[in-house]
Amino acid sequence: MATLSLNALRKTYPNGFTALHGIDLSIDDGELIVVVGPSGCGKSTLLRMLAGLESISDGELAIDGRRVNDLEPAERDIAMVFQNYALYPHMSVADNMGYALKNRGVPKAERRRKVEETARLIGLEDLLERRPRQLSGGQRQRVAMGRAIVREPKVFLFDEPLSNLDAKLRVQMRIEIRRLQKRLGVTAVYVTHDQVEAMTLADRLVVMNGGHIEQVGTPMHLYECP
Ligand code: ADP
Ligand code: ADP
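Nothing here was measured: the structure is a model prediction, and the numbers come from that model.

To continue, consider the pairing of strand S7 (residues 155-159). For S7, the buried fraction is high: five of the five residues fall into the buried class. Side chains Val155, Leu157 and Asp159 project from S7 onto one buried face, and the interleaved Phe156 and Phe158 project onto a second face that is buried too. In the sheet, strand S6 (residues 78-82) pairs with S7 via five bridges, with the strands oriented parallel. Looking at the pairing, methionine 80 lines up with leucine 157 of S7. In the sheet, S7 pairs with strand S8 (residues 187-191) via five bridges, with the strands oriented parallel.

Take a look at the structure:
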């Protein structure tokens, strides 16, 4: 769990294009924020800045009141789930899930315990020895989530994680993501194109346009008072 505060956060790319014009936003502990808006409005840029994958041109980004620039990468404790899973094809599900822990030097027995516990939480316990190619799209997405959960991050970032799945599975995974996010109590920022996904998942919606935040509010509030 963590609070995030964005203060006049600005992103100008090296080519001079400004993708974010001073974003102000406070995100509460355990809150699920969904970011929507047309293609090119800056959603991915924002997420990538939160993930520490893009430098901050101006303004401030703080996690639990500490500026991210003052934090070591390991202290950021942020995990990102992408739509293209990015699993290691030559590793089993268990090894994919345990990889980040191994890199951190977590002892084998503890890794095993955490991997097993996470697998039970998301229904992967019977698939731990499989390779990614032996899994369905939904199962791969689950592994991608499991890999993030096992690290026990303070913040979860989702970049259109369900857009490669069929409609039925999208609905199912959406429900599951929300259930897990609330159960783990982790703060989450979720980017999507899908209006229904946005409305059903969000504690609060952030509507972006042209590198600005246009509106912020609960789904009820935004859709009742357009
Ligand atoms: P979204 O995710 O909402 O589709 P992006 O954050 O990907 O939007 O992009 C926002 C704007 O920034 C777009 O106009 C895009 O072309 C531009 N942009 C993205 N990445 C770069 C980059 N590396 N250099 C220059 N402009 C970029
Ligand atoms: P190492 O990576 O140190 O060579 P292993 O290959 O035995 O050790 O395990 C790799 C990782 O996957 C570890 O994080 C381990 O905890 C986990 N792991 C491997 N197999 C399983 C399994 N069947 N159930 C749970 N965790 C497993």
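Further notes follow.
Let us look at the site of ligand 2. In the neighbourhood of ligand 2, the contacting residues comprise Ala94, Asp95, Gly98, Lys102, Lys108, Arg111, Arg112, Val115, Glu116, Leu128 and Glu129. One nitrogen or oxygen atom from the side chain of lysine 108 is found 3.4 Å from an oxygen atom belonging to ligand 2. One of the side-chain N or O atoms of arginine 111 is found 3.3 Å from an oxygen atom in ligand 2. Within the residue set of the shell around ligand 2, elements represented by two or more residues are helix H3 (93-103) and helix H4 (108-121).

Taken together, six strands build an open sheet; the order of strands is S6-S7-S8-S3-S9-S10 and the sheet is mixed. If you trace the sheet from one side to the other, it starts and ends with S6 and strand S10 (212-217), each paired once. Each neighbouring strand pair of the sheet contributes to a mean axis angle of 20 degrees, computed without reference to strand direction. Against the sheet, helix H1 (residues 43-50) contacts strand S3 (32-36), S6, S7, S8 and strand S9 (204-209), and its axis sits at roughly 150 degrees relative to S7.

Conventions used here
Residue positions are given per chain, counted from 1 along the sequence in the order it is written. In the order they appear in the text, chains get letters beginning with A and ligands get numbers beginning with 1. Local features in this predicted model are restricted to residues of pLDDT 70 or higher, and side-chain atom pairs are both shown and tallied only at a pLDDT of 80 or more, whereas totals for entire chains, interfaces and linings draw on every residue. Each side-chain value is derived from all of the structure's non-hydrogen atoms; neither hydrogens nor water enter the calculation. Throughout this description, buried means an accessible area under 20% of the type-specific maximum (1.4 Å probe, protein chains only), exposed means over 50%, and partly exposed covers the range between. Secondary structure elements are defined from DSSP: runs of H or I of at least 4 residues count as helices, runs of E of at least 2 residues count as strands, and each element is numbered from the N terminus. Strands are treated as partners if at least two bridges between them are detected by DSSP. The near set for a molecule or strand comprises every residue that places at least one heavy atom within 4 Å of it. In the analysis that follows, any N or O atom pair within 3.5 Å is treated as a polar contact, provided that within protein one partner can donate a hydrogen and the other can accept it, and provided that, for residues neighboring in sequence, both atoms belong to side chains. Axis definition: a line fit to C-alpha positions, over the contact stretch in the case of helices; interaxial angles, taken between N-to-C directions, run 0 to 180 degrees. Here, two residues are considered to be in contact whenever any of their heavy atoms come within 4.5 Å of each other.

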